[in-house]
Amino acid sequence: MNAPKRDEYERLRKAASVRHRHLRYTATSLLLLLAFLLAPLAVVAAWVDSEVSDTDRYVQTVAPIATEPSVQNALTDRLTKRVVDNVDVAAFTAAVARTLQREGAPPQVIEGAKALTGPLKNALDSAVHDIVNKVVTSNQFAEVWDDANRRAHAAVVKVLTGKGSSAIQAGDGTIDLNLGTVIDNVKQKLVDAGFAPASKIPEIDKTITLLHTDKLNEAQDGMRLLNVIGIWLPVVVLILAALAVWSAPAHRAALLAAAIGVGVMMIVLLVGLAVIRQVYLDSVPTTALPQDAAADIYDTFVRFLRNSTRTVLVIAVITALAAYLYGPGRGARWIRSGAAGGTGATGRAMARHGLRTGAAGRWLDAHGSWTTGIVIVGGVLALVLWNYPTPGAVALVLGIVVLVLALLGILAAASGTAERPTAGDQPVIRPG
């Protein structure tokens, strides 16, 4: 091939290579963009799916609501008012006055009986409040709450899909809490305490509205969709991120970009949850539920979603750090050099004291890349198989992975094959 043809061939080859790289960059960018946009939705979808499909998880989510002091106070005040309002104290004192009048009691006594309406109502309110408070703050109430929610796990399905019946119900533009069991328990406690007329208290409204919204139907449609894709959407996000890293001309840089992008989206999701919290609090009238009780209910209900978001954020940060440490940066080289020097010095010190690993150490030294990859993959599998990992679980797995890698490095350096030469000395080769 003459020179002009060779130059033309090189020019065309370089042009094709540039176009190929441009296509790879474009594909990587699109895949990363899709992964970033779907990552928050995947976390929310997985949380919704766990709440709907896992009864233990749902009960674990709602159990603290029954023990929140703000919620207990709100329930005590609401139930006390409903019970007392259904007792006609004025009619009772009027009947007493009429009876006294028929029996010929003095006018002062009759008027005194009528004047008992206010004091009796206050005394009744205080007595009922004390009994209701004992019921609501008792361990029995918490157990009844957990048992009712466990047996009626359809509560979550009811809220998200509008189907079924449970303690928590979706009404016409509202989400309501049914307190029928609690009210019946309070009436029985009043009777047991000697207040027999409580058994004649008529049926009253047993629901408390937790949320008013004219968008409930749309929210339910969205939740139903999330429930369907709850299992697969996180898998899709992982596949998109993996394809982006695989298709990128620079795999490490793509992994770093993917980790940073997912981390940023998790921060956005946490901010979004804070905004939604304020929207929720603004939507609940203080006449329906005190602000502190509403805040505690919201924080309790979404705490696992927050934990999942923080867990993914921690994993993203760790992945980004790992991608950086495997790079050519000065800081990364210094850290790698320091770690290798520390494990190497420890291993050589062991070998000098007769604790040589011999052939096994030489094998570890020759297959360092493979063993490192296996340990990292093992850590990833541990997190995948962990049931609802938390940031603490991620930190634990990371610590174990780092410890194992350090031990492998020490064992490889303790093979006794070579000692680091000192100034002026020749390298010394020692048998294993």
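My aim in this report is to walk through the structure given alongside it, one point at a time.

Quick notes on the rules
Residues numbered from 1 in each chain as written. Predicted model: local features only at pLDDT ≥ 70, side-chain atom pairs only at ≥ 80, totals over all residues. Heavy atoms only, no water. Helix = DSSP H or I, 4+ residues; strand = E, 2+ residues; numbered from the N terminus. Buried < 20%, exposed > 50% of the residue type's maximum accessible area, 1.4 Å probe, protein only. Contact = heavy atoms within 4.5 Å. Phe/Tyr/Trp six-rings, centres within 6.5 Å; stacked < 30°, edge-to-face > 60°. Lys NZ or Arg CZ within 6 Å of the ring centre and 35° of its normal. Salt bridge = Lys/Arg side-chain N within 4 Å of Asp/Glu carboxyl O. Axes fitted to C-alpha atoms, helices over the stretch in contact; angles between N-to-C directions. Parallel < 35°, antiparallel > 145°, perpendicular 65-115°, else oblique. Left-handed = near helix turned anticlockwise from the far one by under 90°. Nonpolar A, V, L, I, M, F, W, Y, C, P; charged D, E, K, R; others polar. Expected span 1.5 Å × (residues − 1). Core = buried A, V, L, I, M, F, W, Y, C linked by side-chain atoms within 4.5 Å. Patch = residues over 30% accessible without salt bridge, like charges linked within 9 Å, V, L, I, M, F, W, Y side chains within 5 Å. Areas by Shrake-Rupley, 256 points an atom, 1.4 Å probe, with all protein chains shown as cover. Polar contact = N/O pair within 3.5 Å; in protein donor to acceptor, adjacent residues only side chain to side chain. Lys, Arg positive; Asp, Glu negative; His and termini not counted. Charge placed at Lys NZ, Arg CZ, Asp CG, Glu CD.

## Looking at the overall build of the chain
For step 1, the next point in the chain: From N to C terminus, the chain includes 18 helices and five strands.
For step 2, the next point in the chain: Residues classed as buried in the chain amount to 34% of the 432 residues present.
For step 3, the next point in the chain: When contacts within the chain are restricted to residue pairs at least 6 apart in sequence, those whose partners lie at least 24 apart make up 76%.

## Observations concerning the side chain of Ser50
For step 1, the next point in the chain: Within the secondary structure layout, Ser50 lies in helix 1 (residues 3-53).
For step 2, the next point in the chain: The contact partners of Ser50, leaving out residues within four places of it in the chain, are Arg57 and Tyr388.

## A closer look at the packing of aromatic side chains
Remark: the centre distance and the inter-plane angle together describe each pair of aromatic rings, the angle taken between the planes.
For step 1, the next point in the chain: Throughout the structure, instances matching the rule amount to three aromatic pairs.
For step 2, the next point in the chain: Judged by centre distance (6.4 Å) and plane angle (45 degrees), the ring pair of Phe141 and Trp145 falls under tilted. With Phe141 and Trp145 both in helix 7 (residues 139-151), this residue pair falls four residues apart, about one helical turn. Residues Phe141 and Trp145 agree in their burial class; the two are buried.
For step 3, the next point in the chain: A ring pair is formed by Tyr280 and Tyr298, whose centres lie 5.6 Å apart and whose planes are at 25 degrees; its orientation type is stacked. Placement of the pair is Tyr280 in helix 12 (residues 251-283) and Tyr298 in helix 13 (residues 291-301), with a sequence separation of 18 residues. Tyr298 shares its class with Tyr280; the two are buried.
For step 4, the next point in the chain: Over the ring of Phe304 we find Arg303, and its NZ or CZ is 4.3 Å from the ring centre.

## Considerations on the pattern of salt bridges
For step 1, the next point in the chain: For the structure shown, the criterion picks out two salt bridges.
For step 2, the next point in the chain: We note a salt bridge from Asp299 to Arg277, for which the minimum N-O separation is 2.8 Å. Highlighted residues: Asp299 in helix 13 and Arg277 in helix 12, separated in sequence by 22 residues.
For step 3, the next point in the chain: On the basis of relative accessibility, which here comes to 24%, the residue Arg277 falls in the partly exposed class.
For step 4, the next point in the chain: Between Arg306 and Asp299 there is a salt bridge; the shortest N-O distance is 3.4 Å.
For step 5, the next point in the chain: A relative accessible area of 23% places Asp299 in the partly exposed class.
For step 6, the next point in the chain: Among the ionic contacts, a cluster of salt bridges with common partners joins Arg277, Asp299 and Arg306.

## Observations concerning the packing of helix 3 (residues 69-85) against helix 13
For step 1, the next point in the chain: Helix 13 packs onto helix 3 with a crossing angle of 130 degrees between their chain directions and a minimal axis gap of 8 Å. Judged by the inter-axis angle, helix 3 sits oblique to helix 13. In the crossing of helix 3 with helix 13, the sense of the turn from one axis to the other is left-handed. In contact with Ser70, Val71 and Ala74 of helix 3, helix 13 contributes Asp292, Ala293, Asp296 and Ile297.
For step 2, the next point in the chain: Here the residues of the contact of helix 3 with helix 13 are counted per class, giving four nonpolar, one polar and two charged.

## Some words on helix 14 (residues 303-325)
For step 1, the next point in the chain: In this model helix 14 runs 33 Å from its N-terminal to its C-terminal C-alpha over 23 residues, within 8% of the 33 Å that 1.5 Å per residue would give.
For step 2, the next point in the chain: Buried within helix 14 are the following residues: Phe304, Leu305, Arg306, Thr309, Thr311, Leu313, Ala316, Ala320 and Ala323.

## Digging into unusual backbone geometry
For step 1, the next point in the chain: Here the phi dihedral of Tyr388 falls at roughly 55 degrees; this positive angle occurs in a residue that is not glycine.
For step 2, the next point in the chain: Assignment of secondary structure puts Tyr388 in the loop between helix 17 (368-385) and helix 18 (391-413).

## Some thoughts on the nonpolar core
For step 1, the next point in the chain: If you look at the biggest cluster of nonpolar residues, it comprises 52 residues, and the most contacted ones within it are Met266, Tyr280 and Leu289.
For step 2, the next point in the chain: Sort the elements by how many residues they give to this core and helix 1 lands first, with 12 residues.
For step 3, the next point in the chain: Within the second largest apolar cluster, five residues are counted, among which are Val375, Leu383, Val397 and Val401.

## Considering the environment of Ile267
For step 1, the next point in the chain: Looking at the element boundaries, Ile267 is found in helix 12.
For step 2, the next point in the chain: In sequence terms Ile267 and Arg310 are 43 residues apart; their C-alpha atoms lie 8.3 Å from each other.

## Observations regarding a nonpolar patch on the surface
For step 1, the next point in the chain: Side chains of Ile231, Trp232, Val235, Val236, Ile239, Leu243 and Trp246 sit close together on the surface and give an oily, nonpolar patch of about 740 Å² of accessible area.
For step 2, the next point in the chain: Positionally, Val235 belongs in helix 11 (residues 232-247).
For step 3, the next point in the chain: Overall, the relative accessible area of 36% leaves Val235 in the partly exposed class.

## Quick word on the environment of Thr311
For step 1, the next point in the chain: With respect to the helices and strands, Thr311 occurs in helix 14.
For step 2, the next point in the chain: Looking at Thr311, the relative accessible area reads 3%, which means it is buried.
For step 3, the next point in the chain: For the pair Thr311 and Pro389, spaced 78 residues apart in sequence, the C-alpha separation works out to 7.1 Å.
For step 4, the next point in the chain: Here Asn307 takes part through its backbone oxygen, which lies 2.7 Å from a polar atom of the side chain of Thr311.

## Considerations on the side chain of Thr309
For step 1, the next point in the chain: Here Thr309 lies in helix 14.
For step 2, the next point in the chain: Beyond its immediate stretch of four places on either side in the chain, Thr309 contacts Val43, Met266, Leu269 and Leu270.

## With respect to helix 12
For step 1, the next point in the chain: Taking 1.5 Å per residue, 33 residues should reach 48 Å; helix 12 reaches 47 Å between its end C-alpha atoms and fits that length.
For step 2, the next point in the chain: All of the buried residues along helix 12 are Ala254, Ala258, Ala259, Gly261, Val262, Gly263, Met265, Met266, Leu269, Leu273, Tyr280 and Leu281.

## Digging into a positive patch on the surface
For step 1, the next point in the chain: On the surface, a cluster of positive charge is contributed by Arg252, Arg330, Arg333 and Arg336.
For step 2, the next point in the chain: Of the residues forming the positive patch, the biggest block, three residues, is contributed by helix 15 (residues 330-352).
For step 3, the next point in the chain: With respect to the helices, strands and loops of the structure, Arg336 is situated in helix 15.

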